[in-house]
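Structural description and commentary
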Amino acid sequence: MTQSVVIQVGQCGNQIGCCFWDLVLREHAAVNQKGIYDEAISSFFRNVDTRVIGDGGSISKGKIRSLKARAVLIDMEEGVVNEILQGPLRDVFDSKQLITDISGSGNNWAVGHKVFGSLYQEKILEKLRKSAEHCDCLQCFFIIHSMGGGTGSGLGTFLLKVLEDEFPEVYRFVTSVYPSGEDDVITSPYNSILAMKELNEHADCVLPIDNQSLFDIISKIDLMVNSGKLGKTVKPKSLITSNAGAFKKQQRRPFDAMNNIVANLLLNLTSSARFEGSLNMDINEISMNLVPFPQLHYLVSSLTPLYTLADINVPPRRLDQMFSDAFSKDHQLIQADPKHSLYLACALMVRGNVQVSDLRRNIERLKPSLQFVSWNQEGWKTSLCSVPPVGHSHSLLALANNTCVKPTFVELRERFMRLYKKKAHLHHYLQVEGMEESCFTEAVSSLSALIQEYSQLDATKSMPVEDIPRLSVAV
Amino acid sequence: MSIVTVQLGQCGNQIGFEVFDTLFSDSHSSQGLCSKKENEAYQASCKERFFREEENGVPIARAVLVDMEPKVINQTLSKAARSGQWKYGEHACFCQKQGSGNNWAYGYSVHGPRNEESIMNLIQKEVEKCDSLSGFFIIMSIAGGTGSGLGAFITQNLQDQYSNSLRMNQIIWPYGTGEVIVQNYNSILTLSHLYRSSDALLVHENDAVHKICAKLMNIKQISFSDINQVLAHQLGSVFQPTYSEEGSFHYRRNPLGIDWQVRPPISGLPALGKMSLKKELRFNTSIANLVILRGKEVQSADLEGFKDPALYTSWLEPDTAFNVWKTQRAFNRYEKSAALVSNSQFLIRPLDMIVGKAWNMFASKAYIHQYTKFGIEEEDFLDSFTLLEQVVSSYSNI
């Protein structure tokens with residue numbers, strides 16, 4: 001089995017990361033009753049004998065002693081990382097895997113990317129090499145960051161080039177939180193567009209998220225839970241927004257619920273690689289099936305169910321509802337409507353007591369209402385993992401490579417142009433060594449080219465599907 | 001004579017387990033509907049083909065398990081051990097840490113050469129434990145990365161190293177509406193390579209077996225386990241021992257005994273005019289049919305219907321094209337059971353569909369970069385398309 005390393009960068013990245021480690025520990029604790037360090041746990045954790053000083057403490061089998069997350073925590077301010085190290089998860093992180101500074105990036109991509117990038121390049125490489133050495137077979141780097149700020153956006157994307165050069169065979173999966181319309185960081189469009197260019201060129205797969213969608217999902221859940229209209233009770237641990245409870249007893253902070261959704265996304269993405277099932281899906285199969293052309297690697301995700309009602313029996317109708325919900329625009333983690341746009345590819349990753357006939361029935365049922373690109377009319381990738389998430393009997397993660405990401409990018413470009421035309425705040429960037437106006441124009445071009453690709457695909461939407469003439473051969 | 005089974009990838013290993021389980025439980029069933037002596041002869045024959053003995057008496061499957069990641073093999077080994085009735089050899093598996101990622105090119109060009117020696121050694125060891133080797137039974141899917149790509153590579157190696165032994169590949173045809181997005185690419189690459197190195201391709205379509213579970217067996221929530229058990233049942237009914245000739249009472253030694261290769265007549269095909277007339281009367285023309293009857297009254301069964309010339313291509317006599325194997329000993333406690341193995345035009349439609357979809361995708365160049373990354377170029381795709389179009393054409397014209 002393979003291992004993955006999580007690299008959390010900036011405030012947002014680290015807060016989401018923290019929620020992720022919380023939940024993944026809970027998940028493994030629920031599955032691994034005997035306390036033996038097995039291959040599933042080893043995908044995200046090392047087993048360490050903390051009595052051994054220095055580096056020799058790693059244990060590869062046997063009872064669990066002390067689990068250390070395969071993580072690298074990077075932030076140019078100390079606040080968030082310090083809080084993590086003082087919180088209940090402090091023993092899960094290896095203090096040697098941190099890179100912090102005190103001054104912060106001032107919401108400036110250029111500071112994060114150019115200044116801190118060059119300052120910390122060696123240190124970053126050192127930490128990455130160390131974490132790779134601890135892996136038997138490293139398959140994937142998961143980078144978590146936001147696009148709108150300075151550290152996550154700038155330093156986070158600087159990392160991508162370093163990873164590509166140093167570990168070309170290891171996948172780079174990036175979870176990026178995009179700024180919503182009412183973002184309070186004025187320069188977030190600049191930061192995002194500059195970061196997009198890096199994502200276009202150096203990421204294998206990007207999972208865009210936006211806060212507005214997460215917020216809407218939470219509102220929906222609150223409405224359901226508090227309305228009591230249906231008179232049914234929701235199983236407490238089954239909320240997609242709930243944290244592990246047992247591990248974090250402190251008051252919930254405002255972004256916790258939203259971060260837990262993203263953490264659940266990462267859990268479900270990797271569950272079929274970690275746990276057994278009748279149709280496994282490894283992480284390398286995600287990009288193989290969902291990325292038809294290297295530049296079109298943005299995947300829209302949706303998670304269902306958002307909660308589980310306290311029913312013991314789950315009639316097939318409810319199971320079917322889970323599949324329908326996965327395609328509704330209210331369940332997507334970015335503002336997007338895949339049902340009314342064009343699918344290039346779609347993956348359905350199911351967990352729990354769901355069998356192949358349930359999958360097939362729902363694909364047949366939903367197919368007619370979805371539009372797939374002409375060369376991939378039956379472009380479905382499916383997986384069945386036997387282990388459900390904690391608190392659920394089953395769950396579904398849908399990943400779509402769909403032209404519905406285009407509006408997000410178009411809007412981002414518009415917000416960028418509004419600022420850039422007036423040269424607003426530009427001097428903050430240009431005064432950083434290595435930054436020139438060409439960085440901006442190149443970044444916008446890169447985004448425009450991407451938008452153009454999606455537009456061209458959209459144009460094929462209503463065209464009739466014609467078969468290409470086949471090779472004719474002599475018998 | 002013995003068969004060595006090679007189970008490849010998740011699909012191959014999951015199915016392989018069900019096959020051995022079915023073979024074992026059938027051969028040890030008490031309701032053989034025959035004499036004790038008969039039953040013992042059947043058991044002994046089955047045992048020799050598929051199992052070997054260990055010191056403590058638990059039979060060991062003559063199988064090699066191969067996968068590029070460990071989860072499925074671990075599960076398969078423990079399921080077999082749990083039954084307590086039979087098991088896999090302790091050192092009969094080969095595993096790596098990272099799977100093939102549904103990438104045929106990775107399975108064929110990376111995993112293949114890298115692990116060639118280890119896997120062939122493992123197979124050699126199993127072969128050495130056979131008194132006499134009849135051939136290989138290779139179980140693989142064609143849609144994924146390991147079964148398909150590595151499977152094609154290994155089959156080629158088996159052809160080089162054991163050219164006198166039969167290679168029969170059990171291939172699993174994926175669901176039409178996708179399990180893997182690049183399944184059509186993986187399928188055409190696999191099929192074109194197997195065509196050159198395999199002696200016989202036994203095809204099971206997931207869609208067809210699924211329908212059996214739904215319509216004939218009325219299973220409500222069908223799992224892959226259900227599907228694999230139906231498959232294993234069908235394979236068991238073909239490969240369990242049968243008598244060698246009409247009237248003889250010894251089980252045939254060579255389990256893969258008939259001539260599986262069909263060669264069209266050297267003089268060439270008959271005139272077109274004659275053929276098209278006959279075509280209207282048939283819906284499926286066969287080159288060869290094998291019927292296997294087990295249980296009560298096998299000797300008196302009327303098989304004249306199978307010898308109707310209308311079923312066969314005009315350049316074969318029904319007597320040549322039709323074979324029947326019989327045994328009194330019942331299979332899986334069915335009083336009477338029959339199996340049909342057919343080499344006919346049934347494959348044209350599924351094959352044509354896969355080639356068509358793969359061709360459409362290839363025209364747009366989608367996903368090609370994932371294959372060229374590991375050395376499978378556009379030319380290799382074109383070669384595969386050409387070969388398979390010829391196969392479709394050949395079958396269409398019989």
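Because the structure is a prediction, the values reported are computed rather than measured. All chains use their own residue numbering, which begins from 1 and follows the written sequence. Going through the entries in the order they are written, you letter the chains from A and number the ligands from 1. Under the rules for a predicted model, residues below a pLDDT of 70 receive no local features and side-chain atom pairs below 80 are neither given nor counted, while totals for whole chains, interfaces and linings still include all residues. Each side-chain value is derived from all of the structure's non-hydrogen atoms; neither hydrogens nor water enter the calculation.

1. So, the overall build of chain B
The way it works is that DSSP assigns letters per residue, a run of H or I at least four long becomes a helix, a run of E at least two long becomes a strand, and they are numbered from the N terminus. When helices and strands are counted, chain B shows 13 helices and twelve strands. Areas reported here follow the Shrake-Rupley algorithm with a probe of radius 1.4 Å; residue values treat only the protein chains shown as occluding. Entry remark: accessible area of chain B is about 16,600 Å², with carbon and sulfur atoms responsible for 50%.

2. As for the overall build of chain A
The helix and strand inventory of chain A stands at 14 helices and 14 strands. For 475 residues, the compact-globule formula gives about 23 Å, and the C-alpha radius of gyration of chain A, at 22 Å, lands near that figure. With the C-alpha coordinates of chain A rotated into their principal frame, the extents come out at 65 × 60 × 60 Å. Contact between two residues is taken to exist if any of their heavy atoms lie within 4.5 Å; hydrogens are not considered. If you take every contact in chain A between residues at least 6 apart in sequence, the share linking residues at least 24 apart comes to 82%. Summing over all exposed atoms, chain A offers an accessible surface of approximately 18,700 Å²; the carbon and sulfur share of this is 52%. Positive charges come from Lys and Arg alone, negative charges from Asp and Glu alone, with His and the N- and C-terminal ends not counted. For charged residues, the charge sits on one atom: NZ in Lys, CZ in Arg, CG in Asp, CD in Glu. Across chain A, the centroid of the 48 positively charged side chains sits 6 Å from that of the 52 negatively charged ones. Atoms counted for the radius of gyration: C-alpha only. Globule rule: 2.2 Å times residue count to the power 0.38.

3. Let's talk about the interface of chain A and chain B
Opposite the 55 residues of chain A that make contact, chain B presents 52 residues. Here the buried area means the combined drop in accessible surface, using a 1.4 Å probe, for two parts upon being joined, counting both sides. With both chains or domains summed, chain A and chain B bury close to 4,400 Å², and 53% of this area falls on carbon and sulfur atoms. It is Met288(A), Arg470(A) and Leu471(A) in chain A that bury the most area against chain B; as a group they hold 18% of the surface buried on that side. For this analysis, a salt bridge means a side-chain nitrogen from Lys or Arg found within 4 Å of a carboxyl oxygen belonging to Asp or Glu. Counting across the interface, chain A meets chain B through four salt bridges. Here Lys357(B) and Glu378(A) are joined by a salt bridge, their closest N and O atoms 3.0 Å apart. Here a polar contact is recorded for every N or O atom pair within 3.5 Å, except that within protein the pair must consist of a potential hydrogen donor and a potential acceptor, and residues adjacent in sequence are included only if both atoms are side-chain atoms. On the surface where chain A and chain B come into contact, there are 33 residue pairs in polar contact (both at pLDDT 80 or more).

4. A word on the nonpolar core
Throughout, nonpolar core names a set of buried Ala, Val, Leu, Ile, Met, Phe, Trp, Tyr and Cys residues whose side chains join them through atoms within 4.5 Å. When a residue's accessible area, from a 1.4 Å probe over protein chains only, is under 20% of the maximum for its type it is buried; when over 50% it is exposed; and in between it is partly exposed. Judged by nonpolar contacts, the single largest core of 200 residues is most densely connected at Ile7(A), Trp21(A) and Ile123(B). Sort the elements by how many residues they give to this core and helix H8 (residues 256-274) of chain A lands first, with ten residues. Beyond its immediate sequence surroundings of up to four residues, Ile123(B) is in contact with Val6(B), Val64(B), Phe136(B), Ile154(B), Leu158(B) and Tyr162(B). Counting 35 residues, the second largest nonpolar core, distinct from the first, contains Phe17(B), Trp86(B), Leu231(B) and Val341(B).

5. Examining the sheet that holds strand E8 (residues 171-178) of chain A
Residues and elements named next belong to chain A. In spatial order, the strands read E6-E5-E1-E7-E8-E9; together these six strands make up an open sheet with parallel pairing. Each of the sheet's edge strands pairs with one partner strand only, and the pair in question is strand E6 (98-100) and strand E9 (205-210). Neighbour-to-neighbour, the strand axes of the sheet open up by a mean angle of 15°, direction not taken into account. Axis definition: a line fit to C-alpha positions, over the contact stretch in the case of helices; interaxial angles, taken between N-to-C directions, run 0 to 180 degrees. On top of the sheet, helix H4 (residues 109-133) reaches strand E1 (3-9), strand E5 (71-75), E6 and strand E7 (138-146); it is set at about 165° to E6, its chief contact. A strand pair is defined by DSSP finding two or more bridges across the two strands.

6. Side note on the state of the cysteines
All names here are of chain A. Two cysteine sulfurs form what is called a disulfide whenever their separation falls within 2.5 Å. Within this structure, the stated rule accounts for zero disulfides over all chains. Considering cysteine sulfurs only, Cys140 is the nearest to Cys385, which forms no disulfide, with 17 Å between them. With a relative accessible area of 2%, Cys385 lands in the buried category.

7. Brief notes about the domain arrangement of chain B
Residue and element names in this part refer to chain B. Taken domain by domain, chain B holds domain 1 (2-239), domain 2 (275-347) and domain 3 (349-396). For each domain, the first and last residues come from an automatic or database assignment. Placing a centre on the C-alpha atoms of domain 1 and another on those of domain 2 gives a separation of 26 Å. Counting from both sides, the interface comprises 20 residues of domain 1 and, opposite them, 15 residues of domain 2. Counting the surface lost from both domain 1 and domain 2, the interface buries some 1,600 Å², and carbon and sulfur atoms represent 60% of this. Our count for the contact surface shared by domain 1 and domain 2 stands at one salt bridge. With a closest N to O distance of 3.1 Å, Asp26 and Arg329 form a salt bridge. Linking domain 1 to domain 2 there are seven residue pairs in polar contact (both at pLDDT 80 or more). Of all the elements in the fold, those that place two or more residues in the side of domain 1 that touches domain 2 are helix H1 (9-27), helix H2 (36-50), strand E9 (200-205) and helix H8 (224-239). Of all the elements, H8 adds the most residues to the side of domain 1 that touches domain 2, at five residues. Basically, the charged four are Asp, Glu, Lys and Arg, the nonpolar ten are Ala, Val, Leu, Ile, Met, Phe, Trp, Tyr, Cys and Pro, and anything else, Gly included, counts as polar. Along the lines of polarity and charge, the residues of the side of domain 1 that touches domain 2 split into eight nonpolar, nine polar and three charged.

8. Describing the packing of helix H5 (residues 146-161) of chain B against helix H6 (residues 183-197) of chain B
All names here are of chain B. In contact at an axis separation of 9 Å, H5 and H6 are set at 5° when each is read in the N-to-C sense. Classified by the interaxial angle, the pair formed by H5 and H6 is roughly parallel. Across the interface between the two elements, Ser148, Ala152, Thr155, Gln156 and Gln159 of H5 pack against Asn186, Thr190, His193, Leu194, Arg196 and Ser197 of H6. Here the residues of the contact of H5 with H6 are counted per class, giving two nonpolar, eight polar and one charged. Throughout, the term roughly parallel applies to angles under 35 degrees, roughly antiparallel to angles over 145, roughly perpendicular to angles from 65 to 115, and oblique to all others.

9. Considering the environment of Leu347(B)
Mapped onto the fold, Leu347(B) is located in the loop between strand E12 (336-344) and helix H11 (348-364). For the pair Leu347(B) and Ala214(B), spaced 133 residues apart in sequence, the C-alpha separation works out to 22 Å.

10. Structural notes on the side chain of Ser344(B)
All names here are of chain B. Mapped onto the elements, Ser344 comes out in strand E12. Side-chain polar atoms of Ser344 contact the side chain of Asn284, separated by 3.2 Å. When neighbours within four sequence positions are excluded, Ser344 is seen to be in contact with Asn284, Thr285, Ser286, Ile287 and Tyr395.

11. As for the packing of aromatic side chains
Centre distance and the angle of the planes are the two values used to describe a pair of aromatic rings. Whether two aromatic rings pair depends on their centres lying within 6.5 Å, for rings of Phe, Tyr and Trp, where Trp uses its six-membered ring; planes under 30 degrees apart make the pair stacked, over 60 edge-to-face, and the rest tilted. By the definition in use, this model includes 45 aromatic pairs over all chains. With a centroid separation of 5.2 Å and 25° between ring planes, the pair formed by Phe416(A) and Tyr420(A) is classed as stacked. Here Phe416(A) and its partner Tyr420(A) are both found in helix H12 (residues 406-421), four residues apart, which amounts to about one turn of the helix. Both residues of the pair, Phe416(A) and Tyr420(A), count as buried. Centroid distance Trp359(B) to Phe385(B): 4.9 Å. Interplanar angle 80°. Geometry classified as edge-to-face. Pair noted here: Trp359(B) is in helix H11 and Phe385(B) is in helix H13 (residues 378-396), with a separation of 26 residues, a long-range link. Side by side, Trp359(B) and Phe385(B) carry an identical accessibility label, which is buried. Grouping aromatic residues by their ring pairs yields a cluster made of Phe20(A), Trp21(A), Phe44(A), Phe45(A), Phe93(A), Phe142(A), Tyr171(A) and Phe173(A).

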